[in-house]
Amino acid sequence: MRIPLPAILFTAVLASISTAALAAASSSAFIEPVLGQLVGFTLPSGFEMNKANTSAGQYFRDAFPKGETTKNWSQMITVSGAKDENDTAKSAQFIAAHISDSIQRQCPDTFAVKPLGPTKIDGQDSFVAIASCGKVGPDKHSETALMLVIKAPKAVYTIQWAERTPSSAENLTIDEAKWKGRLKQMVPFRVCPVVAGEKPPYASCGKK
């Protein structure tokens, strides 16, 4: 399930993680201009980024474990963005709830959600939640996704980590500890202004 953006955190966990926790073997920093701002996080070991898709004020880029593709994947990390020029989007929590509602419509009988709560990413209103479907898609696989929603000025961003497992006839029991661990693997999340003339690796955004 690719979690759609709306139509238009877990603060204790994030605060407890030192930058030393970033140094997981072979993890790499992802920082890229996305709709007028730099968006960053740590890409966990073993994932490879695909080329970004951008059009009409929207951005989407995904990553899969090495050897997996959009047609055959067990895990997927996505970065997405949507322009909000008039700043009409409501709070990050509201947007996360809207996304969860859209997921629930795909699997009303096997849906489960676990809000992890609000946080701030570089001062921007953000919210983290975990949502799952016991059966979804033509093959009726199960799918769970950790989502971070960031409501920045004039844009909304999401960073998500999804996992597919065999079909379940029941609502999945969300393994909160497992997904909190994955959240830790992706810190630090960053949203920074673009610096004119700066080139990758965007050192201004890598600084704490």
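Everything that follows concerns the structure shown earlier in this document.
In this report, the structure presented in the accompanying data block is examined. (Residues numbered from 1 in each chain as written. Predicted model: local features only at pLDDT ≥ 70, side-chain atom pairs only at ≥ 80, totals over all residues. Heavy atoms only, no water.)

Buried residues of helix α3 (residues 176–186): Trp179, Arg182, Leu183 and Met186, and no others. On an axial view of α3, the arc spanned by its buried residues comes to 105°, and they lie on one face. (Buried < 20%, exposed > 50% of the residue type's maximum accessible area, 1.4 Å probe, protein only. Helix = DSSP H or I, 4+ residues; strand = E, 2+ residues; numbered from the N terminus. Arc of directions from axis to C-beta.)

Moving on: empty space enclosed by the protein. It is a probe the size of a water molecule, rolled over the atoms, that shows where empty space is left. There is about 30 Å³ of room inside the second largest cavity. Along the walls of the second largest cavity sit Leu146, Leu148, Ile159, Gln160, Trp161, Leu183, Met186 and Phe189, which together make up its complete lining. Broken down by secondary-structure element, the contributors of at least two residues to the lining of the second largest cavity are β9 (141–152), β10 (155–165) and α3. Top contributing element to the lining of the second largest cavity by residue count: β10, with three residues. For the lining of the second largest cavity, the class distribution of residues is seven nonpolar, one polar and no charged. (1 Å grid on protein atoms, 1.4 Å probe; cavity = no way out; pocket = protein on both sides within 12 Å on 5 of 7 lines; lining within 4 Å. Points joined across faces, edges and corners; volume = space filled by probe spheres on them. Nonpolar A, V, L, I, M, F, W, Y, C, P; charged D, E, K, R; others polar.)

Counting through the fold element by element, glutamine 160 comes out in strand β10. A polar contact of 2.6 Å, which involves the side chain of glutamine 160, links it to the side chain of threonine 158. (Polar contact = N/O pair within 3.5 Å; in protein donor to acceptor, adjacent residues only side chain to side chain.)

Before going further, it helps to examine the state of the cysteines. One pass over the full model with this rule turns up two disulfides. Bridging cysteine 107 to cysteine 133, the disulfide has an S-S length of 1.9 Å. Across the S-S bond linking cysteine 107 and cysteine 133, the dihedral sits near -65°, which makes this disulfide left-handed. Residue cysteine 107 is located in the loop between α2 (92–104) and β7 (111–121), and its partner cysteine 133 is located in strand β8 (residues 124–136); the two are separated by 26 residues in the primary sequence. Since its relative accessible area comes to 0%, cysteine 133 is described here as buried. Here cysteine 192 is linked by a disulfide to cysteine 205, with a sulfur-sulfur distance of 2.1 Å. Taking the sign of the S-S torsion, 75° for the link of cysteine 192 and cysteine 205, the bridge is right-handed. Of this pair, cysteine 192 sits in strand β11 (residues 190–193) while cysteine 205 sits in helix α4 (residues 203–206), and the two are 13 residues apart along the sequence. You can call cysteine 192 buried: its relative accessible area is 5%. (Disulfide = S-S within 2.5 Å.)

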